[in-house]
Amino acid sequence: MLKLHFKDNRRPPLWVVEKLFAIGNASDNHLILNEDGIDPHHAKIIQEDNRYLLKDNNSSSGCFINGQRITQKEILPGDIIKLGQAEMIVLDPRSLPDKGKETYTAPWRLVSDSSWLAGKHFIVPAERSTVIGRGNQCDIVIPGTHLSRRHVEITIEGNHLRIKDLGSANGTYLNELRVDNATANNGDRLRLDVYSFRIVAPDLEDSKTRIRKPIDELAKPVERKQLSNEPKRWKTRPTSPGNRIEPIYHSGRRNAWLALTAAALVGCAILVFVLW
């Protein structure tokens, strides 16, 4: 199942449990959006092989995932769906098993998806709290004027994270809701003013969550081959004897014949001149 959270908190989060989840302004949809830019049957979410696909029903204003217009595309936890003016964050409703910190095979991470930090991973260690801010004394330093010197503190508590705002000027937001002290789960979105992050839990074998790859992993450079200065050696197939021009190997005999012919022509010319 997936959970959709409206960014403007216009309504409580809703669950996508149907294999065919219809969205539009008509009364027969599972999610009814009565606003401008929404068609009667605007889009649908299809559950297929443990995946969720957002499919556009040829709507007039389109469907968007993370700002990109799509016809059909898989949606993953952390994605933002935009239909008309409505924006929804895709959350992963699965909770991690409450195991000890030492059983995690990988650390908790914050994956940035905004501004110049897009694609960067920040590790949240299990043994201590992590402070984010623009001050040099912070564990994660982001030198932006939008952040306070000590903006937020993050601590691992069992199967979730504790998010504690440190009296920041511009606030701390969890799934677009301003918080002072709250718990965050796998797939939630943390925003510190203009900087936003996806919260990614450790990849436990019994509870793996698929997320969209960061930008720096998707756009890998293509290695170009260096041009060689050596002459090309073409490989050709032999043709039939009738189509081949045989090379002349007896060059000495040919030159003697040409010299004799030239001498004969000169002799004839002298003879004609004497008799004339």
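Being a predicted model, the structure only gives us computed values, none of them experimental.

What counts and what doesn't
- Residues numbered from 1 in each chain as written.
- Predicted model: local features only at pLDDT ≥ 70, side-chain atom pairs only at ≥ 80, totals over all residues.
- Heavy atoms only, no water.
- Pairing = 2+ DSSP bridges.
- Helix = DSSP H or I, 4+ residues; strand = E, 2+ residues; numbered from the N terminus.
- Buried < 20%, exposed > 50% of the residue type's maximum accessible area, 1.4 Å probe, protein only.
- Patch = residues over 30% accessible without salt bridge, like charges linked within 9 Å, V, L, I, M, F, W, Y side chains within 5 Å.
- Areas by Shrake-Rupley, 256 points an atom, 1.4 Å probe, with all protein chains shown as cover.
- Salt bridge = Lys/Arg side-chain N within 4 Å of Asp/Glu carboxyl O.
- Core = buried A, V, L, I, M, F, W, Y, C linked by side-chain atoms within 4.5 Å.
- Contact = heavy atoms within 4.5 Å.
- Axes fitted to C-alpha atoms, helices over the stretch in contact; angles between N-to-C directions.
- pLDDT = per-residue confidence, 0-100.
- Phe/Tyr/Trp six-rings, centres within 6.5 Å; stacked < 30°, edge-to-face > 60°.
- Lys NZ or Arg CZ within 6 Å of the ring centre and 35° of its normal.
- Polar contact = N/O pair within 3.5 Å; in protein donor to acceptor, adjacent residues only side chain to side chain.

This next bit is on the sheet that holds strand 16 (residues 152–157). The pairing of strands in a sheet happens through backbone hydrogen bonds and is either parallel or antiparallel. Read from one edge of the open sheet, five strands run 15-14-16-17-20, paired in mixed fashion. The open sheet has two edge strands, strand 15 (140–141) and strand 20 (181–184), and neither has a second partner.

Before going further, it helps to spend a moment on the pairing of strand 1 (residues 2–6). In terms of burial, strand 1 is largely enclosed, as four of its five residues are buried. Where strand 1 lies against strand 2 (residues 14–16), three bridges are found, and the strand directions are antiparallel. Bridge pairing in strand 2 links Leu 4 to Leu 14.

Our focus in this paragraph is a nonpolar patch on the surface. Together, Trp 257, Leu 258 and Leu 260 line one region of the surface with nonpolar side chains, adding up to about 370 Å² of accessible area. Mapped onto the fold, Leu 258 is located in helix 2 (residues 251–275). Here Leu 258 falls in the partly exposed class, since its relative accessible area comes to 48%.

On to the nonpolar core. The tendency in soluble globular proteins is for nonpolar side chains to be buried as a group. By size, the foremost hydrophobic cluster in this structure holds 24 residues, and its most contacted members are Leu 110, Ile 132, Ile 142, Ile 154, Leu 161 and Ile 199. Mapped onto this core, the elements with two or more residues apiece are strand 12 (108–112), strand 13 (121–124), strand 16, strand 17 (160–165), strand 20, strand 21 (189–192) and strand 22 (195–200). Not counting residues up to four positions away in its chain, the partners in contact with Ile 199 are Trp 108, Arg 109, Leu 110, Leu 161, Leu 174, Ala 184, Asn 185, Asn 186, Gly 187, Asp 188 and Leu 190.

So, on to the environment of Arg 69. The topology assignment puts Arg 69 in strand 8 (residues 68–70). Given the relative accessible area of 47%, Arg 69 is considered partly exposed. Arg 69 sits 13 residues away from Asp 56 along the chain, and the two C-alpha atoms are 9.5 Å apart.

The subject of this paragraph is the sheet that holds strand 18 (residues 172–174). Spatially, 13-12-22-21-18-19 is the arrangement adopted by the six strands of the open sheet, whose pairing is antiparallel. The two strands at the open ends of the sheet, each matched to only one other strand, are strand 13 and strand 19 (177–179). In this sheet, adjacent strand axes meet at a mean angle of 30 degrees when their direction is disregarded. For strand 18 and strand 19, the ladder comprises three bridges, and the chain directions are antiparallel. Its bridge partner being in strand 19, Tyr 173 is matched across the sheet by Arg 178.

Moving on to unusual backbone geometry. A positive phi is found at Asp 49, a non-glycine position, where the angle reads about 55 degrees. Relative to the helices and strands, Asp 49 is located in the loop between strand 5 (43–48) and strand 6 (51–56). Despite not being glycine, Asn 66 has its phi angle at roughly 55 degrees, a positive value. Looking at the element boundaries, Asn 66 is found in the loop between strand 7 (63–65) and strand 8.

Turning to the pattern of salt bridges, a few remarks are in order. If you walk through the whole model with that rule in mind, you get six salt bridges. Here Arg 162 ties to Glu 157 by a salt bridge, and the two come within 3.2 Å at their closest N and O atoms. On the accessibility criterion, Arg 162 (24% relative accessible area) is partly exposed. One continuous salt-bridge network, built from bridges that share partners, spans Glu 48, Arg 51 and Glu 74.

Further remarks concern the confidence of the model for the protein. The predicted coordinates ought not to be read in detail in places where the model reports low pLDDT. Residues at a pLDDT of 70 or more form 72% of the protein, whose mean pLDDT is 79. In this model residues 215–225 is a low-confidence stretch, pLDDT under 50, and it forms five contacts with partners more than four residues away in sequence or in other chains.

What follows is about the environment of His 5. Looking at where His 5 falls in the secondary structure, it is placed in strand 1. Overall, His 5 belongs to the buried group, its relative accessible area being 10%. Taking C-alpha positions, His 5 is 6.5 Å from Val 90, a pair spaced 85 residues apart along the chain. Excluding residues within four positions of it along the chain, His 5 makes contact with Pro 13, Glu 87, Met 88, Ile 89, Leu 91 and Asn 175.

This part takes up the packing of aromatic side chains. Scanning all chains against the criterion turns up one aromatic pair. For the ring pair Phe 122 and Phe 197, a centre distance of 6.0 Å and an interplane angle of 80 degrees mean the geometry is edge-to-face. Taken as a pair, Phe 122 in strand 13 and Phe 197 in strand 22 lie far apart in primary sequence, 75 residues in all. Across the pair, exposure class does not vary: Phe 122 and Phe 197 are buried alike. Of note, Arg 191 hangs over the ring of Tyr 173, and the distance from its end group to the ring centre comes to 4.2 Å.

What follows covers the side chain of Asn 186. Here Asn 186 shows up in the loop between strand 20 and strand 21. A polar side-chain atom of Asn 186 sits 2.9 Å from the main-chain amide nitrogen of Ala 201.

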